[in-house]
Each structure stands twice: as structure tokens, then as C-alpha cells.
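Here are the chains, one letter per residue:
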Amino acid sequence: MTELTSSELSRKIRQHVLRMTHHGRSSHVASGLSVADILASLYGEVLRVDPSDPDWLDRDRFVMSKGHAGAAVYAALSETGFFSPESLAAHYQNGSTFSGHVSHVGVPGVEVSTGSLGHGLSIATGMAWRARAVGAGWRAYALLSDGECDEGSTWEAALFAGHHRMSNLIAVIDYNKYQSLATTDETLTLEPFADKWVAFGWDVIEVDGHDIEEISAGLDIDPRDRDRPRCVIAHTIKGKGVSFMENNVLWHYRPPSDEELALALAEVSE
Amino acid sequence: MRTRFFADLLTAARSDPNLVLITGDLGFGVVEPFVEACPAQFVNAGVAEQNMTGMAAGMAMAGAKVFTYSIANFPTMRCLEQIRNDVAYHGADVVIVGVGGGLAYGALGMSHHATEDIAVMRAIPGLAVVAPGDPEETGAVLMDLIERGGPAYLRLGKAGERSVHASRPDVARGQAVTLRNGTDVALVSTGAMLPVVVDAADDLDQLGISSTVVSSPWIAPFDESTVRRLASTHRLMVTVEEHSITGGLGGAAAEVLAESGSACPLMRIGVSHKFNSVVGDQGYLREVHGLTRQSISKRVVKRLEDI
């Protein structure tokens, strides 16, 4: 595991996301900043994974369902020893395997390729079902965007996992309240969001998605103590850490310029 | 076919605890023995094909050998992206089983006809596509799917199909099987049309037209060399399928012939490229689309006259 503290890891993730999206002229910088603390919690404190053996059979499974924030996952993996941070320079480059949406081919530690929304919770549910079927102790995690809760397939999985009381399944939702064109409330309101998950048979907690300690407390649960899947609604700020990117849909798509990168790096490095 | 599939699947499941069957809330009257014998290996995903398929991928990634099951159009088209992204891209050991391929659920209406499934499935890289021609072929391809694994799409007929093969034929993955050798016309069949094609060949024989009959259960990988060989040794090639003439067996054969430079003409017999809005049982709808022994032999005779 990493030598970094979790807050150092989240800072590194943000720095990498800014540099990768700048260098690659790629989208979704604000999404990557939004999930940085959740990933720092997962890779710094919660997930039982082994960077020296990415295919370790007893590892926890983490499915990045919001694949568009793939840069942040690559950053987290590189800083926790799955591969060298220097590899991140290949992000978005011709011939590289570091695609904009997270992809498992050629990238150690990436469990599942995603990008089309609404896939990850089903896959994680299948993994959790399998762990239970064979009596394995590992857990299955899925990190979802709020926007992908527009997808019906997310709720198919929620219904199944609730019905089958999949206590080894943990969903965490990056609830930054912005999606591609506007806020979630302006697009398809999710509220009452927590109530929906409760109604589907989930145990729900809401956390400050930028407080790593709080996130980890929500995520690091013992399935044996529980009788239902856990949903962690992480209240986040899209573009968190860079004042001019926060809560601005522009940064769902626009990569930072040279000048903006310098300003942004200074802010996240404080 | 369905009966043979479930019998053989259950046999395999009894000896392999990693084998899992997921149904999309279908299979009343046929899944019960499996559920009774191997309850821990059975999941009813409910009426939720996208989740069924995504979960199947997740289970397979964690070591299971998964079969998803529903009426052929549902586990293919309703969840196409889950098949493409989650199952095929990850090389997951998932076999998608579609029952009632073609017009088998005829009178239930257009929503329950699977007439584009082969075309859609065979466009996905890494996904094997197989439509056995009779119960014996079903047993053979299922054995291959269990041993070599998915990703794959297994398209079954429904029930009561006549066995054409006397015993389990050798149809290793990607291979067609020749049932009889002739000299004039090569009849290539996939899926449940096989008995009809054999009957049509008998009729042609009575008319003095010598037919080769080939069953091509595997559409992907496709037995291209057999198609090329047949084209070089016959005056006419005819593909027969209970599927749209666009993109299925006929499409696969056309691609091979066009690129081979063969002069052998191809006639594709299948479901015409339009929706069925009339009600009818499978036999009736086959008549509508010219998928009967009489219609096939008549069209072959006419085409040979025109060459």
C-alpha cells in the first residue's frame, strides 16, 4: 500500500487529474476532482488490495462505474503502487491504453472497464453474489455518479441487491449534483435520494464526500454485521479544490489551459 | 432443443458448482428440475435483462461459469450494451441462451420474435454465436460451450424439434457439419431450419437435383473454408435461416463469397426484411416467409433454371 497519508493521496490524485486532462486535452476534470477524496479513502484506507498482486483472489473488488472520471482512478492506482506515476503521461495519447473512460486492458489494478453509465452496480452485484456463493470474505464496491442514477439499469441492480440482502455490496455515490448540461435537479431530480435507496432495501448513510475519515467510516463496514447492502451518498462538490472549476458545468468537458493548470495546481497543492 | 439443453446443463451443473444459471424470470415448466437439484446455482434476476447480464459478467469475473436465459430477443437486444461492454470486452465466461429463436413464439407477436439476433450478436468481437440445428447438435455445442467457455450466444429453438442426426455430431467450435453430399446445389442451414432443409433436399432429389446439405450451427466463428469449398464445387449456394436475410447466416456467407471472388451465385432464404404484424403460429409464419420444404425446393428449382 501507499506510504502517503490519505489526504496526501487525495492531493496527488487532484494534481494528476489536472495534469492529465491538461496534457491530454481531455474532458471530465471536474468529475475527477469530485471523486478524489472518495478514491483516497478507498485506496488509502478501505480496499484490501495488493499492488504487487493485482489479481489476488481474495482482494476486494472495486468497480468504477463512473468511468469518465477514469483519470482519477489511474492516478490513485499509480500513487498506491500498481504502476509508475510516470505512466500517467500516456493518458489520452495515441496508442496508449490509458483511455479517457477507465479501461482494464493493460492497466494493472483496474477491475472493470466502464464508460457507458449504469453498468457498474450490476457488475459489482454479480461479484458480491459470487463472493457470498463461495463463502469468500471480500467485498464488492461500486462508485457511481449521481447522473448515472438516471439509468434504469442502476435501479434494476439496486432492486436485486436489496431483495437478496447483499451485505457485502457497498455503493458509493458521488453526489456532486451536476451532470453534463445542468444540475441534477434541473435535469431529473433524484430527491428524495436517500429515501429511494432505503425504499429499495438499502442501508443508507450520507457523508461529506470530502471528509476522508467520514467516507471511510461509511465504507469500511463488516458484511457480517449487516443484513443489507450499504449505500453511501457522498455529498461532493464538482471540481472540488479549484475555485474556478467548482460547481460549473463548463468543466465537465473543458480541459485546463496552461495558465489555468498553473492556477489550479497552486490551489490544490495548498 | 430446450429439453436437451436443460438436461445437459443440469448434468454439467451437478459436477461443477461454479456453473450458474440466471433467468430473466422465464422458464416456467423447464427450469424447475435445475432449481430443485442445484438451488445455490440458480438465480432469478427478475424482469431485468440489463442487470442480469451485468451481474453475469461480474459473477464470471469472480470465477463463475454463467448461463443467462430468456426468450431469444430479450437477453440479446434489451441488454446489448451489457453484452458488448461487460461480457464480451472482458472476455467473461458468460453464455447468453436465447430460447425460441426466430418465429417460435409466433402468435405472441412481433415483440417476441427473434429475427435480428444473430446479425446483432455476430457483430460483437469475441462473442461466439451458435444456433444448433437439432437436439443432437444442441448437446454437442453445449458441451463445447461448457468446456471452452464464453463469451457466447446460444440460440435455441423451442421444443419438439425433430432430430436429424442419429447421434451427437462433431461440430467443434467454428465448424459446419455435412449431412449429405451432392453436386448441383449446396444447401446451408443454421438453427432450427435444419429438418426443413433436409426435407427440401429430399424433394429436390425427387426432381433429379443433387443437393449437398450442410448444417452451420456456428455463425461466429464461421466456417469460411467450408463455404468457399462448397462454392467451388456447386452451381448454386442457398442459405436457409429462421432469421432476417440481413446479417445472419446469409450475410456471413455473402461476405465470404464476395471476398473469395467466387462465381457461385448465392440465394439467401430467410425472414424478409420487414416486421411481422400478422398473427400466426410458427408453421404459419414460416409459410409466410417461404421457410417450408415446398417453398425452398421451388425457389431452388427456379433459381437453377435462371442460371
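Since this is a predicted model, take the numbers as computed values, not measurements.

Rules behind the numbers
- Residues numbered from 1 in each chain as written.
- Chains lettered and ligands numbered in written order.
- Predicted model: local features only at pLDDT ≥ 70, side-chain atom pairs only at ≥ 80, totals over all residues.
- Heavy atoms only, no water.
- Buried < 20%, exposed > 50% of the residue type's maximum accessible area, 1.4 Å probe, protein only.
- Helix = DSSP H or I, 4+ residues; strand = E, 2+ residues; numbered from the N terminus.
- Pairing = 2+ DSSP bridges.
- Core = buried A, V, L, I, M, F, W, Y, C linked by side-chain atoms within 4.5 Å.
- Domains from an automatic or database assignment.
- Contact = heavy atoms within 4.5 Å.
- Buried area = accessible area lost by both parts, 1.4 Å probe.
- Salt bridge = Lys/Arg side-chain N within 4 Å of Asp/Glu carboxyl O.

S.K.: What should I look at first to understand the pairing of strand 1 (residues 61-64) of chain A in this one?
M.R.: The side chains of a regular strand alternate, residue by residue, between the two faces of the sheet. Residues and elements named next belong to chain A. Burial along strand 1 is two-sided: the face carrying R61 and V63 and the face carrying F62 and M64 are both buried. Here 4 bridges tie strand 1 to strand 2 (residues 140-145), and the two strands are oriented parallel to one another. The residue bridging M64 from the neighbouring strand is L143, located in strand 2.

S.K.: Can you help me understand the nonpolar core in this one?
M.R.: The nonpolar side chains of a soluble globular protein tend to be buried with one another. Ranked by size, the top nonpolar core spans 77 residues in total, and within it L121(A), L169(A), F193(A), W197(A), W202(A), I22(B) and M59(B) carry the most contacts. Among the elements that line this core, the one with the most residues is helix 4 (residues 120-133) of chain A, at 7 residues. Each of domain 1 (2-155) and domain 2 (177-306) of chain B gives at least three residues to this core. Among residues more than four places away in sequence, those in contact with L169(A) are L121(A), A124(A), T125(A), A128(A), A140(A), A161(A), W202(A), P229(A) and R230(A). In terms of nonpolar packing, the next biggest core, distinct from the first, is built from 53 residues, L42(A), V73(A), F82(A) and V110(A) among them.

S.K.: So what exactly am I meant to see when it comes to the domain arrangement of chain B here?
M.R.: Interface size is commonly expressed as the accessible area that is lost once the parts come together. All names here are of chain B. Each domain of chain B was delimited in the assignment, giving domain 1 (2-155) and domain 2 (177-306). Here the C-alpha centre of domain 2 lies 26 Å away from the C-alpha centre of domain 1. In this assembly, 27 residues from domain 1 lie in contact with 31 residues from domain 2. With both chains or domains summed, domain 1 and domain 2 bury close to 2100 Å², and 61% of this area falls on carbon and sulfur atoms. The tally of links from domain 1 across to domain 2 stands at 1 salt bridge.

S.K.: Is there a simple way to think about unusual backbone geometry in this case?
M.R.: Cis geometry is adopted by the peptide bond preceding P151(B), which originates at G150(B) and carries an omega value of 5 degrees. Cis geometry marks the peptide bond from A220(B) to P221(B), where omega comes out at -5 degrees. One can find P221(B) in the loop between strand 10 (218-220) and helix 9 (224-233). For Y92(A), which is not glycine, the phi dihedral falls at a positive 70 degrees. Take Y92(A): its relative accessible area is 41%, and that puts it in the partly exposed class. Backbone geometry places K177(A), a non-glycine residue, at a positive phi of 70 degrees. Residue placement: K177(A) occurs in the loop between strand 3 (169-175) and helix 6 (184-187). Its relative accessible area of 29% is what places K177(A) among the partly exposed residues.

S.K.: Help me understand the pattern of salt bridges, please; the structure alone is not making it clear to me.
M.R.: When charged atoms on two side chains of opposite charge get close, those side chains can pair. Across all of its chains, the model carries 27 salt bridges over all chains by this definition. Where D227(A) meets R228(A), a salt bridge forms, and the shortest distance between an N and an O atom there is 3.0 Å. Among the salt bridges present, the one from D117(B) reaches R155(B), with a minimum N-O distance of 2.8 Å. Note that D117(B) is positioned in helix 6 (residues 117-122) and R155(B) in strand 6 (residues 152-155), a separation of 38 residues in sequence. On the basis of relative accessible area, D117(B) is assigned to the buried category, the value being 0%. One connected set of salt bridges, linked through shared partners, spans R48(A), D60(A), R139(A) and D220(A).

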